[in-house]
Amino acid sequence: MSAQELVLKKRTDILHALCCSGSAEHLERVLDVLLAQGELTWEDYQNVQVPGRPLYTNARQLLDLVYTKGVDTCGIFFAALKQVLPEVQGADFSSLGSCSNVEEKEETCRTSTQTLLTQRPSLIYKLQGCIDGAVKSLVQSGHFTSADFDEVRLPIYTPAQQARRLLDLVRSKGESAAAAVLQYIHQKQEVGSPLNEEKLTPPKEVLKYQKKLSSSVCAQSCFLSTYGGTSHMSLDDIYTEGQLELAHDCVDVQGPLGLEDIVGTVGTVNEEADTVLVSGEAGSGKSTLLQRLHLLWARGAALQYYLLLFPFSCRRLNSEQRELSVQELLFQHCCWPDREQEEIFQFILDHPHLILFTFDGLDELKQNFSDEQRLCCPTQRAPVHVLLFNLIQGSLLKGVRKVVTSRPEAVGPVLKKHLCKEVLLKGFSPNGIDCFMRKHHNDPTVAVKVLESLQANTALLGLCHSPVLCWIVSQCHKELLGCGEGSPQTITDVYLMILQHFFQRQSPSKSTMRLGWLQGHLETILHLGQLAFEGISATCYIFSGADLEKCDVTEEDICMGFLTQSKDMSSSHSKSYEFLHVTMQCFFAALYIVLSSHTDRYAIPKLFELQDLRDTGVSSMCFRSCLPSTDQKEQVADSEVAAAETPNLQITATFVSGLLSQRHQSLWVHYCSAGMVEKKARQVARCLSKGMQKHFKSIPQPVHGEKKSMHAMPGFVWLIKCIYEMQESRIAKEAMSKLQVDHLKLTYCNIGPVECTALTYVLQHLRNAVGIQLDNNSVGDVGVEQLLPCMHICKSLYLRNNNITDEGIRKLIAKVIQCDNFQKIALFNNKLTDACTQHFSHLLKTRQDFLSLRLGNNNITEEGAKQLAEGLKSNHSLKYLGLWGNKIGDVGAEALASALENSNSLLWLSLVGNGVGSEGAFAVANIIRNSTSLEELWLTENCITRAGVECLIEALEHNTHVKSVWLRNNDLSLEEVKEMAQRESRLIF
Ligand code: ADP
């Protein structure tokens, strides 16, 4: 097919590739190349690049144009596309451009204006880091007016667009201006200063301001509050690395991400965006991570490329009622310059790439992110959330690096469009938990005891992956080590433990009676509970003195330590408070719902129905209507209901379930009527059952011949967690009795060890065995261990991409070997090595009804293959064996082939991408020759030569049941491929 025909045929793919990021950069870069190659005239360029017209329309215009220009232009167009979008996969148009040359035509240029054109792509690249200097030098040399200066430096342009603007203007000014700009770039290169990092000595006032800002940031970030305002812990002493992962697959990234990688360019998916998102569940350590970054920067220990760092907390920005300009936002909310405000702000405007902003807790902002209201002028005043959204999307202060943290629920597609990358914070690794405990306890024997008690209680160990829970467990080590059998199992147990711990710390005398620790503290619970409850309902996390007064919170209540004084960078605000952590606020809100007789009798049903009401936008109003005293003016408009609301209500509902479980009802008997507690508990059980029914009813009937499958809808895992908190097997059993599916799909559901514990608790009551698909979660070895008790109802387990190591497999296989239903496992893309293969081998030897083993994209070598072969030799049931993307080589292929050559069960074998050469192919040919069952053989992406394929062809002559042998991307010439494909149609090249 000619390039011209392909432009037509692949029109949709090309348009998508050029425009799907929402940024015009890809299209503009393709245009740069086409201009430089002389394929487009200026007139063409202006016809395509119409300002203000939708991106897709411009791209369509370009496609029409290159099509009409004929096959050569189309070829160069594909080459340009390949150069600009090398990573575009699946759209097989890239190969067409490979023969065309899009190198810049250096020697043939005669004039400077021509050079500007023919070297346009590289000039744009070079100019990006020194636009300011280039424009200034053009003004000085008289080629540019100040209006030209302003036009190029418009803040709505990206640096690349500014560079294009500059070149276009220079071109219109004639030869002398073109020569001047080329000379400027040349000089920059001559002096060896990297053009992207303009050498610069900041003005004195800026340096002074930097000093003030960093000492203020340092003071704000060097401690973590442990007991409200009363006790602090140095961040240096306690900070433990959390697990960071890129949300997108990225081939360049080897090993774990470090703190500085968050801000750096690694893993960038959208070059044009400046905002990095760090997302993680409540308590996963997002704020602490930012705090660490701030501290390291302020001390000069990291991120020194950035001259100024401005930290913001979205929950604090919520209380800013005024309209502000960016300048006011920076100076009033972070650090006030003693002098020369204008000069400092101008420096920020002129050097955006030297500035870093952090916004903690975007999910806690009262308004959801939107990019509808555009603001480009840095001096214009606007409501703070509008400023924030425009900063994030880069309409304001383009080029400033921004790091934003949020819970994942709050991150919608509109925000994603403006991100250069997303980093997931997944709490502590098992080593992290160990490290945290050892840091938290000066006495190593205490740390060891706590760690031992965690090893004995894997449910609790699972909870400790969440740093906030790890902190509580560690803080409550005395209670933990003293509770013997009744060691905490649920999140509610852990929060009750910290409640007890804080109360007993204040009045140790009451600690003697097992259940008496609540005594005398009911008032505190109700005061703080009401504050928390009203706050959750009104998206309020910072409380003024008046708020506290309204809920009768006393000085004594504050001293308990659950509230901490709000840190504020600006000194203008009066004293305000927040809960130690948002989950603590949810816990108190739940206590209030359980213990107060003032809440609406529908409070519980409304809390649990939230899932359904959310989209209608009435959820928050409904929920608020059960508050007797909500201040109407504080309410946000329905359409702007904050993103944090649903997750917070979900956490609160989880605690309500736990607090009303039978195990804890005795705690409340002295403080409220048993009848009321029982009634509320029945309400919760009914809500959970109803919620589950709704999920089950939404399962579509299977297509004829297919199995019935349920794909978890949002909220399903949450309901499961609530059932787990109740710890009543009757409720779990009842919930599962109505679920009749063959396959349960829970992919991309944020399932970690904690969720695995809850899932297992509920799923073990299923009546029929099911397939459990947990691909693309964070199950890990601890999660695998949590899943073991439900393996008897599991037919097939899919755990692709879940950070599982050989140790997890050891435990898993030891269990499933005894589970009669268990027949299939898929472990693509985990952290498996040869050490796990002995366990699979054992499984294969022992279980003559095992059907499918998929171990793709792990680290299995020839040694592992040999181990597997041992098991395969004596197995007569396996139908599918997948080893794609390992490293078994010829020796491994030979070992497997000799074990499988007489198989009469194996239908499908994949050795794709395993470094298998012709020796391996000779061996594999024996399976074709002798096996009576094999139908499909995958040998794509190996290094098999003609001799190997000849052997496969020869074997196929004697075999009629093999349907296809896949051989794409091996060591074969085009002629060989053509010839051999003609001889044997089952070979697929
Ligand atoms: P998030 O912002 O994700 O809700 P936080 O950063 O507020 O979570 O963490 C909650 C608590 O967990 C912190 O107050 C601290 O006690 C503990 N914590 C979180 N991350 C870390 C860490 N990296 N090292 C030590 N402790 C941590």
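Reading the values: the criteria
Residues numbered from 1 in each chain as written. Predicted model: local features only at pLDDT ≥ 70, side-chain atom pairs only at ≥ 80, totals over all residues. Heavy atoms only, no water. Helix = DSSP H or I, 4+ residues; strand = E, 2+ residues; numbered from the N terminus. Buried < 20%, exposed > 50% of the residue type's maximum accessible area, 1.4 Å probe, protein only. Domains from an automatic or database assignment. Contact = heavy atoms within 4.5 Å. Buried area = accessible area lost by both parts, 1.4 Å probe. Salt bridge = Lys/Arg side-chain N within 4 Å of Asp/Glu carboxyl O. Nonpolar A, V, L, I, M, F, W, Y, C, P; charged D, E, K, R; others polar. UniProt positions renumbered as here; feature names shortened; annotations may be inferred. Polar contact = N/O pair within 3.5 Å; in protein donor to acceptor, adjacent residues only side chain to side chain. 1 Å grid on protein atoms, 1.4 Å probe; cavity = no way out; pocket = protein on both sides within 12 Å on 5 of 7 lines; lining within 4 Å. Points joined across faces, edges and corners; volume = space filled by probe spheres on them. Near = heavy atom within 4 Å. Areas by Shrake-Rupley, 256 points an atom, 1.4 Å probe, with all protein chains shown as cover. Phe/Tyr/Trp six-rings, centres within 6.5 Å; stacked < 30°, edge-to-face > 60°. Lys NZ or Arg CZ within 6 Å of the ring centre and 35° of its normal. Pairing = 2+ DSSP bridges.

In the annotation of an unreviewed UniProt entry, the entry for the protein reads Nucleotide-binding oligomerization domain containing 2, and the organism field reads Acanthochromis polyacanthus.

Caption draft 1: Fine view of the environment of Ser466. In this fold, Ser466 is placed in the loop between α24 (458–463) and α25 (467–475). Ser466 sits in the buried class, given a relative accessible area of 17%. Along the chain, Ser466 and Val754 lie 288 residues apart, while their C-alpha atoms are 8.9 Å from each other.

Caption draft 2: Region of interest: the domain arrangement of the protein. Taken domain by domain, the protein comprises domain 1 (3–89 + 111–190), domain 2 (223–428) and domain 3 (431–489). When each unit is reduced to the centre of its C-alpha atoms, the spacing between domain 2 and domain 3 is 32 Å. Listed by partner, the interface residues are 13 residues for domain 2 and 14 residues for domain 3. Overall, the association of domain 2 and domain 3 removes approximately 1,100 Å² of surface from exposure, summing both partners, and the carbon and sulfur fraction of that is 63%. Its largest share of buried area at the contact with domain 3, domain 2 owes to Ile238, Thr240 and Phe428, together 50% of the area lost on that side. Between the two partners, domain 2 and domain 3, sit zero salt bridges. Tallied by class, residues from the side of domain 2 that touches domain 3 come to six nonpolar, six polar and one charged.

Caption draft 3: Representation of the UniProt feature "domain: NACHT" (unreviewed entry) in the protein. In the UniProt entry, the feature "domain: NACHT" (unreviewed entry) is given for residues 274–410. Helix makes up 33% of residues 274–410 and strand 20%, with an end-to-end C-alpha separation of 19 Å.

Caption draft 4: Fine view of the environment of Lys694. Among the secondary structure elements, Lys694 is positioned in helix α36 (residues 674–697). Judged by its relative accessible area of 47%, Lys694 is partly exposed. A sequence separation of 116 residues divides Lys694 from Arg810, and the C-alpha atoms of the two residues are 38 Å apart.

Caption draft 5: Main features of the side chain of Ser279. Note that Ser279 resides in strand β4 (residues 275–279). Side-chain polar atoms of Ser279 contact the side chain of Glu422, separated by 2.8 Å. Dropping the residues within four chain positions of it, Ser279 is found in contact with Lys286, Ser406, Pro408, Glu422, Val423, Leu424 and Leu425.

Caption draft 6: Representation of the layout of surface pockets in the model. In this structure, the second largest pocket spans a volume of roughly 1,200 Å³. If you trace the second largest pocket, you find 38 residues lining it, with Ala24, Glu28, Ile156, Tyr157 and Gln161 closest to the centre. Of all the secondary structure elements, the ones that give two or more residues to the lining of the second largest pocket are α3 (25–36), α4 (42–48), α5 (55–69) and α11 (159–173). At five residues, the largest contribution of residues to the lining of the second largest pocket is made by α11. When we break the lining of the second largest pocket down by domain, the ones giving at least three residues each are domain 1 (3–89 + 111–190) and domain 2 (223–428).

Caption draft 7: Spatial organisation of the site of the ligand. As a matter of local geometry, the ligand sits amid 18 residues, with Thr240, Gly283, Ser287, Thr288 and His581 nearest to it. Between the ligand and Ser287, the relevant distance is 2.7 Å, taken from an oxygen atom to a side-chain nitrogen or oxygen of the residue. About the coverage of the ligand: the protein hides 90% of its 550 Å² of free accessible area. Looking at the shell around the ligand, the elements with two or more residues in it are α16 (286–298) and α25. Considered class by class, the residues forming the shell around the ligand number nine nonpolar, seven polar and two charged. Here the shell around the ligand spans two domains, since at least three of its residues come from each of domain 2 (223–428) and domain 3 (431–489).

Caption draft 8: Region of interest: the packing of aromatic side chains. Applying the stated rule across the entire model yields 29 aromatic pairs. With a centroid separation of 5.0 Å and an interplanar angle of 65°, the aromatic rings of Phe369 and Phe389 are classed as edge-to-face. You can see Phe369 sitting in the loop between β7 (355–360) and β8 (382–383) and its partner Phe389 sitting in helix α20 (residues 384–393), a full 20 residues away along the chain. Neither Phe369 nor Phe389 differs from the other in exposure class; each is buried. Here the aromatic rings of Phe543 and Phe579 are separated by 6.0 Å at their centres, their planes lie at 90°, and the arrangement is edge-to-face. In this pair, Phe543 sits in strand β11 (residues 543–544) while Phe579 sits in strand β13 (residues 576–579), placing the two residues 36 residues apart along the sequence. Relative accessible area serves as the criterion here: at 2%, Phe543 is assigned to the buried category. Above the face of the Tyr227 ring, Arg505 is positioned so that its terminal group lies 3.8 Å from the ring centre. Positioned above the aromatic ring of Trp908 is the side chain of Arg854, whose terminal nitrogen or guanidinium carbon lies 4.6 Å from the ring centre.

Caption draft 9: Focus on the pairing of β4. Most of β4 is tucked away, with five of its five residues classed as buried. The alternating pattern of β4 places Thr275, Leu277 and Ser279 on one face and Val276 and Val278 on the opposite face, and all of these are buried. Sheet topology places β4 next to strand β9 (residues 401–406); five bridges connect them, and they run parallel. Bridged to Val276 within β9 is Val403.

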